[in-house]
Amino acid sequence: MNPQAKLIFITSLLLGTTITLSSNHWITAWTGLEINTLAILPLISKSHHPRAIEAATKYFLVQATASTLVLFASMTNAWATGQWDITQLTHPASCMILTSALAMKLGLVPFHFWFPEVLQGSPLITGLLLSTAMKFPPITLLFMTSPSLNPILLTTMAILSAALGGWMGLNQTQTRKIMAFSSISHLGWMAMILVYDPKLTLLNFYLYTLITAAVFLTLNTIKALNLSTLMTTWTKTPSLSATLLLTLLSLAGLPPLTGFLPKWMIIQELTKQDMTPTATIMALLSLLSLFFYLRLAYCATITLPPHTTNHMKLWHTHKPTNASVALLVTMSTLLLPISPMIRTIV
């Protein structure tokens, strides 16, 4: 892709996100979401492969539908209450429609079907943007409207997302699809705590973004799109494969790694809200995700490729590992000891 065109699209992404984050009016928030959608489409379809074009088409149709529902919810609320302010969403029907629309934008169950297919058709760096940056504006809108949202609806969607994100990722062999189901599962944790402690949702999203960026950039460095390629990486980049193991375990939420912090705090908050059965269900459902993270880690670090493999090995050049990967991996594994400070900041 032309560097100038890429610069325009990245700038548009930043502009759309900034507009949505800084808006108080529903129309400006909707405008920011639309700019984001239009800016990411060329980045998804830049390879001109049929699968990439299909992914871009699916993404456009789903996001256009969700944006229409956002606009419809805000207009219904304005019609009933006379308020266009985002924080003044009080009409019950508008709250339900908005929750569904933003769940569709994020990929929460039952609106999750598009996300794995779109991620599978996108390059790894674009997949990173879809999994992190593109989810920030809808999550901030949920954050701003959290006092008005229906807790039963969000809890149901959260448990279903954690369950299906874990179950459907079990038999996948493509790393991008595994990361897509991982994202759905983590969104379930964020949706679960949204009504009770919205700041904890944002903390979870920040740490999820940090760890997911480390995983995606590592996979991009070793050019691993499926598990068979991942099996041949230990002999080429052993140190990077070892750090990928730690990052994946952090994404699974194992102590004493960074990913344990949001799960620990969410379970603690749910227990304070007398939702111990729900916290137990979420903790048990995270074991499903742990299985496919361990599968990825096993392929990356413990499996050595056979001498008579049918898989064509990629040409290996000794490129130094990017400094950003090293920094992200370090933060993805070592932030748990400073969790009291992180909690006071957020």
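Values in this document were obtained by computation on a predicted structure and should not be read as measured data. (Residues numbered from 1 in each chain as written. Predicted model: local features only at pLDDT ≥ 70, side-chain atom pairs only at ≥ 80, totals over all residues. Heavy atoms only, no water.)

## A word on the overall build of the protein chain
Here is step 1: The helix and strand tally for the protein chain stands at 16 helices and zero strands.
Here is step 2: On C-alpha atoms alone, the protein chain measures out to a radius of gyration of 20 Å, which is about the 20 Å that the 2.2 N^0.38 rule sets for 346 residues.
Here is step 3: Projected onto its principal axes, the C-alpha coordinates of the protein chain cover approximately 70 × 50 × 35 Å.
Here is step 4: Scored against the burial criterion, the 346 residues of the protein chain give a buried share of 52%.
Here is step 5: Restricting to contacts in the protein chain with at least 6 residues of sequence separation, those with at least 24 account for 78%.
Here is step 6: Total accessible area on the protein chain is roughly 15200 Å²; 71% of this is exposed by carbon and sulfur atoms. (Helix = DSSP H or I, 4+ residues; strand = E, 2+ residues; numbered from the N terminus. Rg over C-alpha atoms; globule rule 2.2 N^0.38 Å. Buried < 20%, exposed > 50% of the residue type's maximum accessible area, 1.4 Å probe, protein only. Contact = heavy atoms within 4.5 Å. Areas by Shrake-Rupley, 256 points an atom, 1.4 Å probe, with all protein chains shown as cover.)

## As for the environment of Ile 40
Here is step 1: Looking at where Ile 40 falls in the secondary structure, it is placed in helix H2 (residues 26-44).
Here is step 2: The exposure class of Ile 40 is buried, given its relative accessible area of 0%.
Here is step 3: Separated by 28 residues in the primary sequence, Ile 40 and Ser 12 place their C-alpha atoms 8.8 Å from one another.

## Observations concerning the domain arrangement of the protein chain
Here is step 1: Splitting the protein chain by domain gives domain 1 (1-117) and domain 2 (150-345).
Here is step 2: A C-alpha centroid distance of 25 Å is found between domain 1 and domain 2.
Here is step 3: Contacts between domain 1 and domain 2 engage 13 residues on the former and 16 residues on the latter.
Here is step 4: Buried area between domain 1 and domain 2, summed over both chains or domains, comes out near 1300 Å², and the portion from carbon and sulfur atoms is 81%.
Here is step 5: The three residues of domain 1 that bury the most area against domain 2 are Leu 108, Val 109 and Pro 116, which together make up 43% of that side's buried surface.
Here is step 6: One can count one salt bridge joining domain 1 with domain 2.
Here is step 7: Across the pair Glu 117 and Lys 177 runs a salt bridge, and its minimum N-O distance is 3.5 Å.
Here is step 8: Counting every contact that joins domain 1 to domain 2 gives two residue pairs in polar contact (both at pLDDT 80 or more).
Here is step 9: Here the side of domain 1 that touches domain 2 takes four residues from helix H4 (residues 92-106), the largest share from any one element.
Here is step 10: Partitioning the side of domain 1 that touches domain 2 into residue classes produces nine nonpolar, three polar and one charged. (Domains from an automatic or database assignment. Buried area = accessible area lost by both parts, 1.4 Å probe. Salt bridge = Lys/Arg side-chain N within 4 Å of Asp/Glu carboxyl O. Polar contact = N/O pair within 3.5 Å; in protein donor to acceptor, adjacent residues only side chain to side chain. Nonpolar A, V, L, I, M, F, W, Y, C, P; charged D, E, K, R; others polar.)

## Quick word on the side chain of Ser 182
Here is step 1: Note that Ser 182 resides in helix H9 (residues 175-193).
Here is step 2: Look at Ser 182 and you get buried, because its relative accessible area is 0%.
Here is step 3: Only 2.5 Å separates the side chain of Ser 182 from the side chain of Tyr 293, close enough to count as a polar contact.
Here is step 4: Beyond its immediate sequence surroundings of up to four residues, Ser 182 is in contact with Leu 251, Phe 292 and Tyr 293.

## So, the UniProt feature "domain: NADH:quinone oxidoreductase/Mrp antiporter transmembrane" (unreviewed entry) in the protein chain
Here is step 1: Taking the numbering used here, the UniProt-annotated feature "domain: NADH:quinone oxidoreductase/Mrp antiporter transmembrane" (unreviewed entry) corresponds to residues 23-288.
Here is step 2: Secondary structure across residues 23-288 comprises 74% helix and 0% strand; the distance between its end C-alpha atoms is 38 Å. (UniProt positions renumbered as here; feature names shortened; annotations may be inferred.)

## What about the nonpolar core?
Here is step 1: With 102 residues, the main nonpolar core has Ile 40, Ile 44, Tyr 59, Leu 130, Leu 141, Leu 230 and Leu 244 as its most contacted residues.
Here is step 2: The dominant element in this core, judged by the number of residues it contributes, is helix H10 (residues 198-222), at 15 residues.
Here is step 3: Filtering out sequence-adjacent residues up to four positions away, Leu 230 remains in contact with Leu 219, Ile 222, Ala 224, Leu 244, Leu 296, Cys 299 and Ala 300. (Core = buried A, V, L, I, M, F, W, Y, C linked by side-chain atoms within 4.5 Å.)

## Here's the deal with H4
Residues spaced three or four apart along an α-helix point in a common direction, a consequence of the helix completing one turn every 3.6 residues.
Here is step 1: Look at H4: 21 Å from first C-alpha to last across 15 residues, which is about the 21 Å you get at 1.5 Å a residue.
Here is step 2: All of the buried residues in H4 are Ser 94, Cys 95, Leu 98, Thr 99, Ala 101, Leu 102, Ala 103, Met 104, Lys 105 and Leu 106.
Here is step 3: Check the buried side of H4 and you find it contacts H2, helix H3 (50-81), helix H5 (114-120), helix H7 (136-145), helix H8 (151-168) and H9.
Here is step 4: Trailing H4 by a residue or two, Gly 107 shows a phi angle of about 95°, which is positive. (Expected span 1.5 Å × (residues − 1).)

## Notes on a nonpolar patch on the surface
Here is step 1: Among the surface-exposed residues, Ile 27, Met 75 and Trp 84 lie close enough to one another that they form a single nonpolar patch of about 260 Å² accessible area.
Here is step 2: Inspection of the secondary structure assignment puts Trp 84 in the loop between H3 and H4. (Patch = residues over 30% accessible without salt bridge, like charges linked within 9 Å, V, L, I, M, F, W, Y side chains within 5 Å.)

## A look at the environment of Leu 89
Here is step 1: Note that Leu 89 resides in the loop between H3 and H4.
Here is step 2: For the pair formed by Leu 89 and Thr 76, sequence separation is 13 residues and the distance between their alpha carbons is 9.8 Å.
Here is step 3: Every residue in contact with Leu 89, bar those within four places of it in the chain, is listed here: Trp 26, Asn 77, Ser 94, Cys 95, Leu 98, Thr 145 and Ser 148.

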